[in-house]
Every structure is written in C-alpha cells, then in structure tokens.
Amino acid sequence: MAFDTLLLERDGAVATITINRPKVLNALNAQTLDELRHAILELEAAEAIRVVIVTGAGDKSFVAGADINELAVQTPTSGREHGLTGQHVFDLIENMGKPVIAAINGYALGGGCELAMACTMRIAADTARLGQPEIALGIIPGYAGTQRLPRLVGKGRAMEMILTGAPISAEEAHRIGLVNRVVPAADLIAEARKLAAQLASNAPIAMRYIINAINKGGEMSFADACQYEAALFGLVSSTEDMREGTKAFLEKRKAAFTGR
Ligand code: COA
C-alpha cells in the first residue's frame, strides 16, 4: 500500500516507519492514524520482518501529538470514535508480536508520547522532550496515555506529568523509566538499527510469546499470569527454534533461528 503521511522502508528483517508530516512536527491526523494501522497490519503479516522501528521525519520532532486542527472541531461522538481509533491503532502496535522500537528524535508530546509508550522499547535522542500537554488544551490524553504512563513510570509521576502538562527532558525520562536509553541525537538511528539487528537474530516465536506474556500477563492476577506463562513455555518447546537454540549452545556455535 502507498502512504501519503508515512514512509515505510524495509531493510532485511527490519522495517522503519517514519511519520512524515514535518511541517506540523509530525502531528497525527486521522489519515496518519489510518495509514499507521495499515502499515502495522502489513508488517505484522510480513514473515520476513522481525523488528520495526518507528521514528519521525526531520530532526525536531518525533510526533507533536494529535493534530490540534482536528481536535478543535471534535464533537462528543466524534471525540469518542477518535479516542477509540487511536487506542486501537496503538494496541495493534503494542501487541503485534514483533519488537517495535520507538526512536524518539525530538518532541514526543501527547499522542506522540502515547505512540512511543505503545512501542515495545524506547530510545531517545538527548535532545528529545516528552510529555502529555493535553491539560493546556482543556482535554485529557486520549490514546491510552492515562493507562500506559502510570504503568511505565508509576502513579505519582504519571499524575504529575499529566496534571501539569510540563514536558520532561530525555535524561529525566530515562531516570523515571519512560525511555530505555538516551543517545546523542546524531547516533539515534544507528543505535536503533543496532538494537533492531540484535533483536532480529533472536527466535521470532519466542519473542512473540515474551511480548504476549508480558502484555497479557500484566492484565491478569499473578497466579493466572504464571499459568499463562507456563502454557506459552510449553508451547515454545514445540518449535524448531527451541531445538536449534539448545543444540547450538551445546555445540558451542551461534544459533540460526528460522521462526519455525
Ligand atoms: N497539531 C497541529 N499542528 C501542530 C501541532 C499539533 N499537535 N504541533 C505543532 N503544530 C504545528 C504548529 O501549529 C506550527 O504550524 P505553522 O507553522 O503553520 O504555524 C508548526 O507545527 C510548527 O510548530 P511551532 O509551534 O511553530 O514550533 P515551536 O518550535 O515553536 O514549538 C511545540 C514546538 C511542540 C512546543 C509546539 O508546536 C506545541 O506545543 N505543539 C502542540 C503540542 C501538543 O499540545 N500536543 C498534544 C496534542 S493532544
């Protein structure tokens, strides 16, 4: 599928989605959300793709939030639909079963911070700023920010960030666990690709089950989640990759995983 507001690039097992509306700091409008949904479904189905990187065009912004032009004319019913659509697309990202790395190259505000949080891991440029500034517009986060932020950084910090709306630096985001690492801005894409290459050599089915166990297990009681983990642990024992991984260790060589 061709996209107007995204760039989709494939390099071996790694795909990169670049949100491409630099004139509005890559703000997400309805079309971008829809294209993102299509891109994620396409990459989820593409067997050759094992890892996805999401970033923003230009060096100033990852995503500066939902498009405020659309928010300004929203009604109660369209607002509800808008929120559900954004939540659905980000849920697809969180649960696509392949690691999705957010390479945060600048502002990650509102829907941009929510997009980054839906990704599996986050690497930030040292110049990035992250926040949920919706309160300044008289609204609240609408793409599950009120739910993902406290799960990542704790309730008190999430309350502070969402109630004040004040953005934080990449360093502070790292300190509170909102991003996994901070790198010099010039190295961001190279670092994201390095991590992607490392993940791309892992067993895809095991990675899918890990993401699933962490995401779905987090919504269950501890005891149920442990049962769920044990079921996936049993299932992964049926894979060729499990045999290859254990055999390669015993033969003192690097495993070659095929995803079967
Ligand atoms: N929706 C629509 N347009 C946006 C946007 C958004 N979320 N964020 C930025 N833009 C547009 C600006 O209106 C401006 O357009 P213009 O050139 O036609 O005037 C352009 O992008 C550049 O932004 P500008 O504000 O001039 O850049 P800046 O460097 O002075 O400030 C920000 C950068 C990110 C601090 C500022 O743009 C901002 O606060 N954006 C809104 C962030 C927000 O509230 N997001 C949550 C939405 S729910």
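Right, let's walk through the structure included here. (Residues numbered from 1 in each chain as written. Predicted model: local features only at pLDDT ≥ 70, side-chain atom pairs only at ≥ 80, totals over all residues. Heavy atoms only, no water.)

## Points about the pairing of strand β1 (residues 6-11)
Move 1: Across six bridges, the pairing between β1 and strand β2 (residues 14-19) is antiparallel. In the strand pairing of β2, R10 is matched with A15.
Move 2: Between β1 and β2, which pair antiparallel and follow one another directly, the connecting turn spans two residues, one of which, G12, has a positive phi of 65°. (Pairing = 2+ DSSP bridges. Helix = DSSP H or I, 4+ residues; strand = E, 2+ residues; numbered from the N terminus.)

## Description of the site of the ligand
Move 1: Neighbouring the ligand are 16 residues, the closest being V24, K60, A64, A66 and I68.
Move 2: Taking K23, its main chain carries an N or O atom lying 3.4 Å from an oxygen atom of the ligand.
Move 3: Within the contact set of the ligand, a nitrogen atom lies 2.9 Å away from a backbone nitrogen or oxygen of A64.
Move 4: Within the complex, the protein chains bury 57% of what would otherwise be the 860 Å² of accessible surface of the ligand.
Move 5: The greatest single-element share of the shell around the ligand, amounting to three residues, is contributed by helix α2 (residues 68-71).
Move 6: Tallied by class, residues from the shell around the ligand come to eleven nonpolar, one polar and four charged. (Near = heavy atom within 4 Å. Polar contact = N/O pair within 3.5 Å; in protein donor to acceptor, adjacent residues only side chain to side chain. Areas by Shrake-Rupley, 256 points an atom, 1.4 Å probe, with all protein chains shown as cover. Nonpolar A, V, L, I, M, F, W, Y, C, P; charged D, E, K, R; others polar.)

## Section: the environment of N69
Move 1: Mapping N69 onto the fold places it in helix α2.
Move 2: N69 gets classed as exposed once you look at its relative accessible area, which sits at 60%.
Move 3: A polar contact is formed between the side chain of N69 and the side chain of D67, at a distance of 2.8 Å. (Buried < 20%, exposed > 50% of the residue type's maximum accessible area, 1.4 Å probe, protein only.)

## Focus: the sheet that holds strand β6 (residues 107-109)
Consider a sheet: its strands pair through backbone hydrogen bonds, and that pairing is either parallel or antiparallel.
Move 1: If you trace the four strands from one edge of the open sheet to the other, you get β4-β6-β8-β9, paired in mixed fashion. One side of each edge strand has no neighbouring strand; the edge strands of this open sheet are β4 (61-63) and β9 (168-169).
Move 2: Both β4 and β6 contribute to a ladder of two bridges, which runs parallel. Directly across from S61, in β6, lies its bridge partner Y107.
Move 3: Strands in contact with helix α4 (residues 111-118) are β4, β6 and β8 (129-131); relative to β4, the strand with the most contacts, it is inclined by about 75°. (Contact = heavy atoms within 4.5 Å. Axes fitted to C-alpha atoms, helices over the stretch in contact; angles between N-to-C directions.)

## Quick look at the pattern of salt bridges
Move 1: What the rule picks out here adds up to twelve salt bridges.
Move 2: One salt bridge in this structure joins R253 and E244, with 2.8 Å as the shortest N-O distance.
Move 3: Residue E244 is classed as buried on the basis of its relative accessible area of 16%. (Salt bridge = Lys/Arg side-chain N within 4 Å of Asp/Glu carboxyl O.)

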